[in-house]
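Structural features, examined
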Amino acid sequence: MDRLFQYLNARPIWFAVTVALALALLPVAVWLDLRHLSDVALNAQANSLNAMITDIRSYYAKNVVGRVLANPDGRTVAAHNYADIPGAIPIPATLSLELGEVIGHRGENMRYRFVSDFVFASRQPHRLDGFETDALKMFRSDEGKLPVITAVNGSMFDRKIRLAAPVIMGEACVSCHNTHPESPKRDWKVGDVRGIQEIEVEQPIAANLFSFKYLLTYFAGAGLFGIAFASMQWRQARTFGRMNRELEDANSFLASVSMKISKYLSPQVYRSIFSGERDVVISTERKKLTIFFSDIKDFTVSSERLQPEELTAILNEYFTEMAKIAHEHGATVDKFIGDAILAFFGDPETKGTREDAQACVAMAIAMQRRMVELNAEWRRRGIERPFQARMGINTGFCNVGNFGSVDRMDYTIIGAEANLAARLEQIAEPGGIVMSYETYAHVEDTVRARPLAPISLKGISREVIPYVVENIHEERRTTIGVINEFTDGARIFLDPERVTADERARLQTILSDALDALRKQGVPSRT
């Protein structure tokens, strides 16, 4: 049975044909059972009618014809006590009473009875039940003009119908009853109700239950089919439930692993891999990118002054803030190399060479401005010489893609243009940004920059004209008012918004003394 269901499930068209055939067989089974039931009912009725006619014929032959023939002079009379009179035959009322007894004694599902509440004195009174009493009252009432009265009752296993019809007095009946010495009533009129003629038919439902053999067979087969199908579905549901739980566990594990993997990849690379846009195979392509390179000036010196735990916390904070800014501007962060950051624009997502270059420079400016805020925070935490970043930017063609072995790959870039970005970063001042002419050509209308003298860099065959981005902190000063300047002979950091009223007067005195000292050295002051 399981194989059958598996076969049908694997072929939906045959499953649909099987269901349609099963539905079509239902009316066929009902029709066959109705035909069988009709045959049984007709046969039973024919047998009952045959037996009834046979009994009536026997009764008529014995009590009517037989008595007439037994009279030697051939004369006969109709009397209620015909048995006591030679050659007499029963009157209609007596005939009805005795026929009821003859038919009723057979004990089958059909009975006949004639009853009246006015019986001759020589006969036993009839015992009338509620149905018969009510029927007589109804027939004799002014409203009782019904031809018959019926009542249906029974239990869940059988049904019974009783039919009562009035027995109406005719002229001959009235003449006989009004003059007969044993008549209980002598004022009969034509049309009066003498009594009732009752027919009772009983139909046992339980006995005919198995007449629906085709329908029962169909339901039995459908039940077995349904139980087998439900059992198979239950087993499949359990199997699917187990598979779903295993799949949920696997999905949870994969989601956890993917979240962990995402920490090692740039968001753009992570999305392209898990969306299926990028295949994890060794392959590269040549694209025009804008490369960003930065590191921290004198990081080795700074690391020697800090405890390892403190250095790790500050470095991680620095990388977190820089990576956040890079993500906001759409950069692909390639890697962190010690204290350095390598990022680029143009792959796997790009808005165009010009837009990528402008986004990269805007990102670098935002990073330098954020460094001012971080330095202020680090000083408040007791760091004497916070980090100062140098940044280099270049635009050019590089090979970008997956490099490595079939077992381990690294998504990165290689090429002379990437090396140029690293060389430009090395000549930048602390807190400064240096870019190549190729980048400057795309951003000259959005930032202010001044060229430096052409320089030759190791590994670069041509002379390079660096451009230094100016006024990096100008907008930031006007918005937050922070002064952050460092030279070999001076260190100035001022955040006016955090200076209290008491400290303001003291700081003004200190700054005034500092200006006087500079004047003595021959340096003009600015007011």
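What counts as what
Residues numbered from 1 in each chain as written. Predicted model: local features only at pLDDT ≥ 70, side-chain atom pairs only at ≥ 80, totals over all residues. Heavy atoms only, no water. Helix = DSSP H or I, 4+ residues; strand = E, 2+ residues; numbered from the N terminus. Buried < 20%, exposed > 50% of the residue type's maximum accessible area, 1.4 Å probe, protein only. Contact = heavy atoms within 4.5 Å. Areas by Shrake-Rupley, 256 points an atom, 1.4 Å probe, with all protein chains shown as cover. Core = buried A, V, L, I, M, F, W, Y, C linked by side-chain atoms within 4.5 Å. 1 Å grid on protein atoms, 1.4 Å probe; cavity = no way out; pocket = protein on both sides within 12 Å on 5 of 7 lines; lining within 4 Å. Points joined across faces, edges and corners; volume = space filled by probe spheres on them. Salt bridge = Lys/Arg side-chain N within 4 Å of Asp/Glu carboxyl O. pLDDT = per-residue confidence, 0-100. Phe/Tyr/Trp six-rings, centres within 6.5 Å; stacked < 30°, edge-to-face > 60°.

1. Observations regarding the overall build of the protein
- Counting its secondary structure elements, the protein contains 15 helices and 16 strands.
- Every one of the 527 residues in the protein was classed for burial, and the buried ones make up 33%.
- The contacts in the protein between residues at least 6 apart in sequence include a share of 64% that link residues at least 24 apart.
- Total accessible area computed for the protein in this model is approximately 32400 Å², and 57% of it derives from carbon and sulfur atoms.

2. Section: the nonpolar core
- Counting residues in each nonpolar core, the largest one holds 42 residues, and the members touching the most others are Phe-292, Tyr-318, Met-363, Phe-387 and Met-435.
- Of all the elements in the fold, those that place two or more residues in this core are strand E7 (283-296), helix H10 (308-329), strand E9 (340-345), helix H11 (353-380), strand E10 (389-404), strand E12 (433-435), helix H13 (437-443) and strand E14 (467-469).
- Sorting elements by how many residues they give to this core places H11 first, with 11 residues.
- Not counting residues within four places of it along the chain, the set of residues in contact with Met-363 comprises Phe-292, Ile-325, Ala-326, His-329, Ala-331 and Phe-345.
- Within the second largest apolar cluster, 13 residues are counted, among which are Ile-291, Phe-344, Ile-413 and Ala-421.

3. A word on empty space enclosed by the protein
- Here the structure, examined in full by the defined rule, presents 3 cavities of 30 Å³ or more.
- Space inside the largest cavity adds up to approximately 80 Å³.
- If you trace the largest cavity, you find 14 residues lining it, with Ala-93, Leu-97, Phe-120, Arg-123 and Arg-194 closest to the centre.
- Ranked by residue count, the leading element in the lining of the largest cavity is helix H3 (residues 92-104), at 3 residues.

4. Re the pattern of salt bridges
- Under the definition given, this model contains 19 salt bridges.
- Here Glu-285 and Lys-287 are joined by a salt bridge, their closest N and O atoms 3.8 Å apart.
- Linking Asp-445 and Arg-354 is a salt bridge whose minimum nitrogen-to-oxygen distance equals 3.0 Å. Of this pair, Asp-445 sits in the loop between H13 and strand E13 (449-451) while Arg-354 sits in helix H11, placing them 91 residues apart in sequence.
- Looking at Arg-354, the relative accessible area reads 35%, which means it is partly exposed.
- Among the ionic contacts, a cluster of salt bridges with common partners joins Asp-129, Glu-132, Arg-162, Glu-198 and Glu-200.

5. A few points about the environment of Ile-433
- Among the structural elements, Ile-433 can be located in strand E12.
- The spatial distance from the C-alpha of Ile-433 to the C-alpha of Val-361 is 8.5 Å, given a sequence separation of 72 residues.
- Filtering out sequence-adjacent residues up to four positions away, Ile-433 remains in contact with Ala-364, Ile-365, Gln-368, Met-391, Ile-393, Tyr-467, Val-468, Val-469 and Ile-472.

6. As for the confidence of the model for the protein
- Predicted confidence across the protein gives a mean pLDDT of 78, with 75% of residues reaching 70 or more.
- The secondary-structure element of the protein with the lowest mean pLDDT is helix H14 (residues 474-480), recorded at 50, while E12 shows the highest, at 95.
- The model gives residues 476-480 a pLDDT under 50, and that stretch makes 9 contacts with residues more than four places away or in other chains.

7. So, unusual backbone geometry
- In the segment running from Asp-347 into Pro-348, the intervening peptide bond is cis, with an omega of 0°.
- Considering the arrangement of structural elements, one finds Pro-348 in the loop between E9 and H11.

8. A short note on the environment of Gly-87
- Within the secondary structure, Gly-87 sits in the loop between strand E1 (78-79) and strand E2 (89-90).
- When its relative accessible area of 6% is taken as the criterion, Gly-87 is described as buried.
- Considering only alpha carbons, one finds Gly-87 and Arg-75, 12 residues apart in sequence, at a separation of 6.9 Å.

9. Description of the packing of aromatic side chains
- All told, the structure shown has 9 aromatic pairs when counted by the stated rule.
- Ring plane angle 90° and centroid distance 5.4 Å describe the contact between Phe-118 and Trp-188, whose orientation is recorded as edge-to-face. Residue Phe-118 is located in the loop between strand E3 (110-115) and helix H4 (130-140), and its partner Trp-188 is located in the loop between helix H5 (171-179) and strand E6 (193-204); the two are separated by 70 residues in the primary sequence.
- Measuring from ring centre to ring centre gives 4.2 Å for Tyr-440 and Tyr-467, while their planes differ by 10°; the resulting arrangement is stacked. One end of the pair, Tyr-440, is in helix H13; the other, Tyr-467, is in strand E14, and 27 residues separate them in sequence.

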